[in-house]
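Working through the structure, step by step
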Amino acid sequence: AAIINTTAILLAFKRINNLPLLHLLTAIELPLVLLFFLYATENRKITRYYPYIGIGFMLFCMANALWLQGIHTFNSYAKGAEAILIISAAILFFLYSNNEKDKAVIFFVAGLLFYFTGSYLLFLFANYLKPGYRLSTVVWNINATLSIIMYLLFTIGFIKCNRQTTNSTFS
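Predicted, not measured: the structure shown is a model, and the values here were computed from it.

Attention now moves to the overall build of the protein chain. In terms of helices and strands, the protein chain carries seven helices and zero strands. Going through the 171 residues of the protein chain one by one, you find that 36% of them count as buried. Considering only contacts in the protein chain between residues 6 or more positions apart, those separated by 24 or more positions represent 66%. Carbon together with sulfur atoms contributes 69% to the accessible area of the protein chain, which is approximately 10,700 Å² in total. In the protein chain, 12 positive and 5 negative side-chain charges are present, and the distance between their average locations comes to 9 Å.

With that out of the way, let us pick up the packing of aromatic side chains. Enumeration over the complete set of coordinates arrives at 13 aromatic pairs. On the numbers, 6.3 Å between centres and 55° between planes, the contact of phenylalanine 116 with phenylalanine 123 is tilted. By way of ring pairs, the aromatic residues Phe36, Phe37, Phe93, Phe94, Phe108, Tyr151, Phe154 and Phe158 are connected into one cluster.

What follows concerns the layout of surface pockets. Taken as a whole, the largest pocket holds about 1,600 Å³ of empty space. Along the wall of the largest pocket there are 42 residues; nearest its centre are Asn5, Leu22, Leu25, Tyr115 and Asn143. Elements with a minimum of two residues in the lining of the largest pocket: helix 1 (2–13), helix 2 (19–40), helix 6 (103–125) and helix 7 (134–170). A total of 12 residues in the lining of the largest pocket trace back to one element, the largest contributor, which is helix 7. Class assignment for the residues of the lining of the largest pocket results in 30 nonpolar, 10 polar and two charged.

Before going further, it helps to spend a moment on the packing of helix 1 against helix 2. Viewed as axis vectors pointing N to C, helix 1 and helix 2 meet at an angle of 170°, and their least axial separation amounts to 10 Å. Comparing the axis directions of helix 1 and helix 2 gives the class roughly antiparallel. Taken together, the residues of helix 2 that come into contact with helix 1 (itself represented by Ile4, Asn5, Thr7, Ala8 and Leu11) are Leu21, Leu24, Leu25 and Ile28. Along the lines of polarity and charge, the residues of the contact of helix 1 with helix 2 split into seven nonpolar, two polar and no charged.

Reading the values: rules and limits
- Residues numbered from 1 in each chain as written.
- Predicted model: local features only at pLDDT ≥ 70, side-chain atom pairs only at ≥ 80, totals over all residues.
- Heavy atoms only, no water.
- Helix = DSSP H or I, 4+ residues; strand = E, 2+ residues; numbered from the N terminus.
- Buried < 20%, exposed > 50% of the residue type's maximum accessible area, 1.4 Å probe, protein only.
- Contact = heavy atoms within 4.5 Å.
- Areas by Shrake-Rupley, 256 points an atom, 1.4 Å probe, with all protein chains shown as cover.
- Lys, Arg positive; Asp, Glu negative; His and termini not counted.
- Charge placed at Lys NZ, Arg CZ, Asp CG, Glu CD.
- Phe/Tyr/Trp six-rings, centres within 6.5 Å; stacked < 30°, edge-to-face > 60°.
- 1 Å grid on protein atoms, 1.4 Å probe; cavity = no way out; pocket = protein on both sides within 12 Å on 5 of 7 lines; lining within 4 Å.
- Points joined across faces, edges and corners; volume = space filled by probe spheres on them.
- Nonpolar A, V, L, I, M, F, W, Y, C, P; charged D, E, K, R; others polar.
- Axes fitted to C-alpha atoms, helices over the stretch in contact; angles between N-to-C directions.
- Parallel < 35°, antiparallel > 145°, perpendicular 65-115°, else oblique.

Take a look at the structure:
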């Protein structure tokens, strides 16, 4: 995400359409998040389908970019579907995992759930927001704020993960 976002910023400064990068990010983001849930969730009845969902989603992203919305348009169909799938995986994690075992993971899952739940409607209606209008700016600023909160929760998760590793090493 960092590499793609940095490249997107550089393209935007050069006034080059960077939306093809978002299509690429979306196609690889969900399978990677599902891989995280595959390892974080102990219930294999749920996670056994995650590799198939990830591959199917990548194919859907390709079809969306090539035939449905086009590569130079915000991929609202794929981003909306991705949000629903990540929200579902996060809820299933909280329902079926032993949350006492690894408290650090809870922060990662909470960050994903918070961001994708908050941004879901934005993803669906992004193509109807006119660039340069005040509402568009406000909506994208809300999305950026949700993203910052997600990364802050990830940071807390990494800190707790480091503390758990350190504590188990010395005990």
